[in-house]
Amino acid sequence: MAHSNGPRNGKHAKPSNRAGNLKRKRVQEDLSSLVKRVEDIDLKGKFESFSDLPLSEPTISGLTSSHFKTLTDIQSRAISHALKGRDVLGAAKTGSGKTLAFLVPVLENLYRKQWTEHDGLGAMVISPTRELAIQIFEVLRKIGRYHTFSAGLVIGGKSLREEQERLGRMNILVCTPGRMLQHLDQTAFFETHNLQMVVLDEADRIMDMGFQKTVDAIVGHLPPQRQTLLFSATQTKKVSDLARLSLQDPEYVAVHEAASSATPSKLQQHYFVTPLAQKLDTLWSFIRSNLKSKTIVFLSSGKQVRFVYESFRHMQPGIPLLHLHGRQKQGGRLDITTRFSQAQHAVLFSTDVSARGLDFPAVDWVIQLDCPEDADTYIHRVGRTARYERDGRAVLFLDPSEEKGMLRRLEQKKVTVERINVKANKQQSIKHQLQNMCFKDAELKYLGQKAFISYVKSIYVQKDKEIFNLKELKLEDFAGSLGLPGAPRIKFIKGDDTKERKNAARATAYPSSDDENSDEDGEKEKKQPKEKEVRTKYDRMFERRNQDVLADHYSKLINDDGTIADPSKGTDDADEDEDFLSVKRRFDAGDEALDGAASSESGSDDASESDEDEEEDNGNKKDPKVVKISDKDTLVVDSKRREKLLKSKKKLLKFKGKGTKLVYDDEGNAHELYEMEDEDAFKARGDAKEQQTWFLAEEAQRTQVADMEDKAVAKQKKREKKEKRKARERELLAEEEREEAVAQLPPYDQDDDMADGYSESGGEEEEPRPSKRTKVQEPEPVPWYKQEKKKKPSGEGQIQTLEDLESLATGLLG
């Protein structure tokens, strides 16, 4: 008998979980030791490599495989504080490795808390630009490849629906402020109540006026108990900014605060003064002299970037040209940054969208064609070169009006620049080439006009008027350097001049005739009587004050004495402009207010204020009158100034009370927009916290009831949809059965009909009535030349007897 290897009871034994238990136990031991090492870390100690820090095995493996071994100064000081769970303000020079200083703590803190996808969102990294967000996400993917966290990139320019479907499963998000706020407001299943860390890269840019409202709205969605990290090359220290982010005792880590310069030590910084009209000539000469270099050229607006790129591309300098600005689509922007990173020699024309955080390898030159708005922007721009202790050079183009103010601002930020001069023999002028291209290409001319307007507008809106003074710039010469035939008209400059002319003294605007006619000896010449000019009907037509289209409005105007204006007088005295625009909208003050007007209907227009002044001087002062402006407000008219107030609706507003806005509820009752409840009645109902608890309970119950109703409605709709689908399936099945039944009928034959329709006795049999639904399709007639002749057997169809003859005749007659 063979020996059985199975169990005695016939059941299979369960596999042993001993290996899994040992693995879990070992992971728990490693985790507990890691937590203890983090608690015992010395915050004042100096760490030189990542292996010296208490990091987990997956993070160490990711850093090693990405070739990150040694620590920079900002990483050595900031990571230890962030691992302890403290809020950090990190400030360091550009290219000093700030990205790893906050990505490593993000991975470690979530790892120590054993974060899974079921715990929801654990960390959020906010970046001001899309390109920087993409760069941060790529670094996160490299160093976090051995972790089990799920990470997502949320930026503009991509499908919102695809992001909404995956957003709820993400543990770490790298995002831009605008798109993140859109998801917080619109995505239903996106929860942030369990968020542990918030990181703001380039925090000074995010916290300025451009993103202030967006950041405030994002912070309103986040839990107050969280860890916040802020990093930038020029860190914000405003108490208001830090209070808005709810930072708790932040640790300020500024590794280069005591340095002699705020820029990298191996960066050579120069500037040279050139008039605005010669900037493009100098830039072209520079590019032609450095064809074996990698250069970034910064301009102030996207329209300038496009014009310079298109014009230089037509002239073919002999080096690849690229352009980057915020108006481009996201796919194109990503492609351009990738191409410039991989290029060995290229020129990138860009706005400040690439001035912060982007790491382009081996950039030789940074050219600032337009002056930066402040010293912080200058520091971030030049930070695209001389990264990670490499060499780099930067050149700043300055107009003579910008030199003094900009150098003072840079000196305050510990930035030293040296002045250089351009060799005259290497200077090339492209003004005539640009004029020729703009003359032949209307689209390029249009781009030049837009570039000119955008540059002037960028100067006009700057706050630092010590540097940016629009009146000192020679705009006509600048327009000529762009190839334009003349400077385009700019509305806001014209409006500024109009304001100055309006505020100028009347004597300067309209000099007296005595001054004009004075001779060299100072004696006034006698006025010569002017000859009477012949005035035609066209002169009168153009000098008419009110055209016929305004006749209806003009007929309702009121004179100063309260009488109705005569529209026929509009063209009689066209040369006399004493009463030009003197009629204003008057306030209807009733009979009491009109008592002060002239009582005579035939009062002449020559009555002046001097007569009224004489009456007041003689002691004949009129009694003050009270005018009722509204139900509650009254105005005492006791002077001429008060009388004039009655003619101006705008000035009367300050004598009226503040209006209240009314809204209507569902029942149609009007009430104020915000009605304050009586405080005593509120306190009588109980404590505020108890009322809050009751209110939340009622709202939760109401929401639950509404949810149940919605589910019931959705269930009913689903049931009705299912019934309709089944009914449609039954109809299709019945129709298929009818078609099969019709297909099984015998073929149609005329002889058979005659044989079946008439019996031997000649009586007609009743045929079944065909159904209306069943439509039998008759076969199409076959042509005579395609018909097959049937061979009838002998004796068939021949008349043999008298009965056969009668039967045939009856069939033919019937």
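Keep in mind that this is a model prediction, so the values were computed, not measured. Counting from 1, residues in each chain are numbered in the order their sequence is written. Totals for whole chains, interfaces and linings use all residues, but because this is a predicted model, local features are given only for residues with pLDDT of at least 70 and pairs of side-chain atoms are given and counted only at 80 or more. Hydrogens and water are ignored here; the side-chain numbers use all heavy atoms of the structure.

Turning our eyes to something else, we now look at the environment of Lys303. Mapping Lys303 onto the fold places it in helix α12 (residues 302–315). When a residue's accessible area, from a 1.4 Å probe over protein chains only, is under 20% of the maximum for its type it is buried; when over 50% it is exposed; and in between it is partly exposed. Residue classification places Lys303 among the partly exposed positions, given a relative accessible area of 42%. In this structure the C-alpha to C-alpha distance between Lys303 and Ser454, which are 151 residues apart in sequence, comes to 6.8 Å. If we skip the residues at most four places from it in the chain, Lys303 touches Lys450, Ala451 and Ser454. Segments assigned H or I by DSSP are reported as helices when at least four residues long, segments assigned E as strands when at least two residues long, and all are numbered from the N terminus. Contacts: residue pairs with any heavy atoms within 4.5 Å of one another.

Let's shift gears to the environment of Arg77. Structurally, Arg77 can be placed in helix α3 (residues 73–83). The contact partners of Arg77, leaving out residues within four places of it in the chain, are Val253, Ala254 and Val255.

The next subject is the sheet that holds strand β1 (residues 88–91). Note on pairing: two strands pair once DSSP finds at least 2 bridges between them. The 7 strands are arranged β3-β4-β2-β5-β6-β1-β7 in an open sheet whose pairing can be described as parallel. Each having just a single partner strand, β3 (151–154) and β7 (251–254) make up the two edges of the open sheet. The average undirected angle you get between the axes of adjacent strands in this sheet is 15°. Of the pairings in the sheet, the one linking β1 to strand β6 (residues 227–232) comprises 4 bridges and is parallel in character. Opposite Ala91, over in β6, you have Ser232 as the bridge partner. A fitted line through C-alpha atoms serves as each axis, taken over the contacting stretch for helices, and the angle formed by two N-to-C directions is quoted from 0 to 180°. The sheet strands contacting α3 are β1, β6 and β7, and the helix crosses β7 at an angle near 170°.

Right, let's talk about the environment of Arg327 for a bit. When you line up the elements, Arg327 lands in the loop between β10 (321–324) and α13 (330–342). Note: C-alpha distance between Arg327 and Gly302 (25 residues apart in sequence) is 7.2 Å.

Two residues of an α-helix separated by three or four positions point the same way, owing to the 3.6 residues in each turn. The span expected for a helix works out to 1.5 Å for each residue beyond the first. With 22 residues, helix α1 (residues 18–39) should cover 32 Å at 1.5 Å per step; its first-to-last C-alpha distance of 32 Å lies within 8% of that length. Within the span of α1, buried status applies to Leu31, Leu34 and Val38. Projected down its long axis, α1 shows its buried positions confined to an angular sector of 60°, all on one face. Away from its buried face, by an angle of more than 90 degrees, α1 presents the exposed residues Arg18, Lys25, Lys36 and Glu39. Looking at the buried residues of α1, the elements they touch are α3 and α4 (98–112). The arc in question is formed by the directions pointing from the helix axis toward the C-beta atoms.

Positive phi, close to 55°, is recorded for Gln114, a residue that is not glycine. At Ala386, a position not held by glycine, the phi torsion is positive, near 55°. Take Ala386: it is sitting in the loop between α14 (375–382) and β13 (392–398).

A word on the sheet that holds strand β8 (residues 267–273). Ordered in space as β10-β11-β9-β12-β13-β8-β14, the 7 strands form an open sheet in which the pairing is parallel. Two strands in the sheet have a free side with no partner beyond their single neighbour: β10 and β14 (418–419). Both strand β12 (residues 365–368) and β13 contribute to a ladder of 4 bridges, which runs parallel. Counterpart to Ile367 in the pairing with β13 is Val395. In the packing of α12 onto the sheet, contacts are made with β10 and β11 (346–350), and the angle to β10 comes to roughly 165°. Here helix α15 (residues 403–412) sits on the sheet in contact with β8, β13 and β14, set at roughly 140° to β13.

Per-chain confidence: the protein averages 79 in pLDDT, with 73% of residues scoring 70 or above. Residue-level confidence of the predictor is summarised by pLDDT, bounded by 0 at the bottom and 100 at the top. Ranking the helices and strands of the protein by mean pLDDT puts β11 first, with 97, and helix α24 (residues 590–593) last, with 42. Contacts from residues 546–555, a stretch scored under 50 in pLDDT, to residues over four places away or in other chains number 7 contacts. Long-range and interchain partners of residues 750–766, a stretch whose pLDDT sits below 50, account for 9 contacts in this model, where long-range means more than four residues apart.

With that out of the way, let us pick up helix α2 (residues 57–65). For α2, the full list of buried residues reads Pro58, Thr59, Gly62 and Leu63. Each buried residue of α2 sits inside an arc of 130° when the element is viewed along its axis, so together they form one side. Looking at the buried side of α2, the elements it contacts are α4 and α5 (130–143). The first or second residue beyond α2 is His67, which carries a positive phi of 65°.

Looking now at a nonpolar patch on the surface. A grouping of Ile799, Leu802, Leu805, Leu808 and Leu812 is seen on the molecular surface, where their side chains present a nonpolar patch of about 510 Å² in accessible area. On the accessibility criterion, Leu812 (65% relative accessible area) is exposed. A patch consists of residues whose relative accessible area exceeds 30% and which take part in no salt bridge; residues with like charges are grouped when within 9 Å of each other, and nonpolar side chains (Val, Leu, Ile, Met, Phe, Trp, Tyr) when within 5 Å. Residue-level accessible areas treat just the shown protein chains as cover; the underlying method is Shrake-Rupley with a 1.4 Å probe. Within this document, salt bridges are pairs made up of a side-chain nitrogen of Lys or Arg and a carboxyl oxygen of Asp or Glu, the two lying within 4 Å of each other.

Looking at chain direction, β3 and strand β4 (residues 172–175) are connected through 4 bridges and run parallel. By the bridge assignment, Ala151 is partnered in β4 with Ile172. The handedness of the β3 to β4 crossover, carried by helix α6 (residues 160–167), is right-handed. Consider the strands pointing away from the viewer: the crossover is right-handed when the path from the first strand over the helix to the second runs clockwise.

By nonpolar core is meant a set of buried Ala, Val, Leu, Ile, Met, Phe, Trp, Tyr and Cys residues that side-chain atoms within 4.5 Å join together. Counting residues in hydrophobic clusters, the biggest one holds 118 residues, and the most contacted among them are Phe50, Leu280, Leu283, Phe312, Phe349, Tyr378 and Phe452. Looking at this core, the element that brings in the most residues is α4, giving 8 residues. By convention here, the domain bounds are inherited from an automatic or database domain assignment. Mapping this core onto the domain boundaries places at least three of its residues in each of domain 1 (26–254) and domain 2 (267–482). Excluding residues that lie within four positions of it along the chain, Tyr378 makes contacts with Gln269, Gln368, Pro372, Leu396, Met406, Leu410, Val415 and Val417. Of all hydrophobic cores here, the second largest spans 28 residues; its members include Leu89, Phe190, Met207 and Leu245.

On inspection of all chains with the given rule, the structure shows 18 salt bridges. The shortest N-O distance in the salt bridge between Arg179 and Glu163 comes to 3.0 Å. Highlighted residues: Arg179 in helix α7 (residues 177–186) and Glu163 in helix α6, separated in sequence by 16 residues. Note on Arg179: relative accessible area 12%, which makes it buried. Three or more residues are tied together by salt bridges with common partners; here these are Arg408, Arg409, Asp464 and Glu466.

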